[in-house]
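# Results of the structural survey
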Amino acid sequence: MNNIVAIVGRPNVGKSTLFNRLIQRREAIVDSVSGVTRDRNYGKSEWNGKEFSVIDTGGYVRGSDDVFEGEIRKQVELAIDEADVIIFVVDVEEGITPMDDAVARLLRKVTKPVLLAVNKVDNAMREKDAVEFYNLGLGEYYTFASISGSGTGDLLDALIDAFPVKPEPTQEEVALPRFAVVGRPNAGKSSFINALIGKDRYIVTDIAGTTRDSIDTKFDRFGFEFNLVDTAGIRRKAKVKEDLEFYSVMRSVRAIEHADICILIIDATRGFEGQDQSIFWLAEKNRKGVVILVNKWDLVEKETMSTRDYEAKIREELMPFTDVPILFVSALTKQRLLKALEATVKVFENRQQRIATSKFNEFMLKVIEAYPPPATKGKYVKIKYCMQLPTPTPQFVFFANMPQYVKEPYKRYLENKIRENWDFSGVPIDIYIREK
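Below is a short write-up of the structure. Just so you know, the residues in each chain are numbered from 1, in the order the chain's sequence is written. pLDDT decides what is reported in this predicted model: residues at 70 or higher carry local features, side-chain atom pairs at 80 or more are listed and counted, and totals for whole chains, interfaces and linings draw on all residues regardless. The basis for the side-chain values is all heavy atoms of the structure; hydrogens and waters are excluded.

### Concerning the overall build of the protein
Here is the rule we go by: Each helix is a run of DSSP H or I of at least 4 residues and each strand a run of E of at least 2, with the numbering of both proceeding from the N terminus. The criterion used for residue contact is that any of the two residues' heavy atoms lie within 4.5 Å. A 1.4 Å probe and the Shrake-Rupley method give the accessible areas. Residues count as covered only by the protein chains that appear here.
Along the protein, the regular secondary structure elements total 14 helices and 15 strands. When contacts within the protein are restricted to residue pairs at least 6 apart in sequence, those whose partners lie at least 24 apart make up 72%. Surface summary for the protein: the accessible area is close to 20700 Å², and the carbon and sulfur share equals 50%.

### With respect to the pattern of salt bridges
This is how it is decided: What counts as a salt bridge is simple: a side-chain nitrogen of Lys or Arg found within 4 Å of a carboxyl oxygen of Asp or Glu. Per-residue accessibility, obtained with a 1.4 Å probe over protein chains only, is compared with the maximum for each type, and a residue is labelled buried under 20%, exposed over 50%, and partly exposed between these values.
The tally for this structure, following the rule as stated, stands at 16 salt bridges. Across the pair R126 and D122 runs a salt bridge whose closest N-O atoms are separated by 3.5 Å. Here D267 and K296 are joined by a salt bridge, their closest N and O atoms 3.1 Å apart. Taken together, the positions of D267 in strand β10 (residues 261–267) and K296 in the loop between β11 (289–295) and α11 (306–318) put the pair 29 residues apart, joining distant regions of the chain. The class of K296 is partly exposed, set by a relative accessible area of 22%. Each of R10, E94 and D100 takes part in one network of salt bridges that share partners.

### Topic: the packing of aromatic side chains
Each aromatic ring pair is specified by the distance between its two centres and by the angle formed by the two planes. Put simply, the test is: Two rings from Phe, Tyr or Trp (for Trp, the six-membered ring) form a pair when their centres sit within 6.5 Å of each other. Planes less than 30 degrees apart are called stacked, planes more than 60 degrees apart edge-to-face, and all others tilted.
In the structure shown here, the tally under the stated rule is 17 aromatic pairs. Aromatic pair Y310 and F328: ring centres 5.8 Å apart, planes at 80°, arrangement edge-to-face. Of this pair, Y310 sits in helix α11 while F328 sits in strand β12 (residues 326–328), placing them 18 residues apart in sequence. What makes F328 buried here is its relative accessible area of 5%. Centroid distance Y410 to Y413: 5.4 Å. Interplanar angle 40°. Geometry classified as tilted. Taken together, the positions of Y410 and Y413, both in helix α14 (residues 408–421) and 3 residues apart, correspond to about one turn of that helix. Neither residue differs from the other here; Y410 and Y413 are each classed as buried.

Shown next, in the form of structure tokens:
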């Protein structure tokens, strides 16, 4: 299970630029006020062979009347609470500000590793200016320039060293499939699990507060056996003050990475919203199997073909990964819960599926012969052999004489043909073209 890194600090010190550099994409919003609160940024990064998740937070502000800045502050506090390691970014050009002091006071109380990262240090003079940050009382600091990337290597080396040692999974955890129940707050995750296990094990409430760790429940009924990972436990009421949307993303990051299959529960009365899409694509990026359950279907007024129209709308949002089971359920009335279980187990089996190399070649080479890769610059690509790789998730390699000329549209064509002949519903597929 990957570690989580939270990047915190006051507005406009370069947190989002550092985040973009770590995930190697320009994804984070740089504006530090209302837009940041609405769109949370999280991604995956890797350094020296170790993968970790990175969460970009809004700028930490105290004493402001702006309602958005109050929400940012709550979310930063939550990120600190949830992360394994915290990177505190400051700006060498402005030196220590009262807001930096406020963040430092907050961080001195936590027991987790905190890395003080001094940004915009791109020359020897600024290297000397950075010494003043010892006054924050957080110990050693690391200088870097997020725009050019200089110094980030040393910061990442220190980050990897600071990660806590994760306990090895037990034999039972290895043997049993792990199904994570994920989704936005109040979509019915706890109600769904309570309905499945036949007990009110999880507290169901409108208040969104949760335990720090995902709660596992061993499920052994109706001929199925697996671990259910819930993301909607309840904290003490005094602790329930976090922003709902950010919390669902934080919990989903952990739950998704720890699971084989993600059961994404959406609220039928609200539709397939941006938060649901974020969680879906997070599962897809992590190469997990996905089943979508539209919960509270009993509360929706039915019209002619309403189920079909609703499903078509969801699939449109999921483009291009549309080969995902979508079921309409009700945790309250227990409508179609057994079908939901069967679909989830089937997706798990699809993810485990292995295709014999001879059968795979026999089918795919005919497909390629019927529609070969388009010629580029007068050069023709020939694919003579293909196979499934021995990896935990479905990955296929095709050996070609000029792999560099095989573009993404043709890879999607190959994937579609694989899905037409073999059932990989709910499972992301990776296609690689290698030189023979």
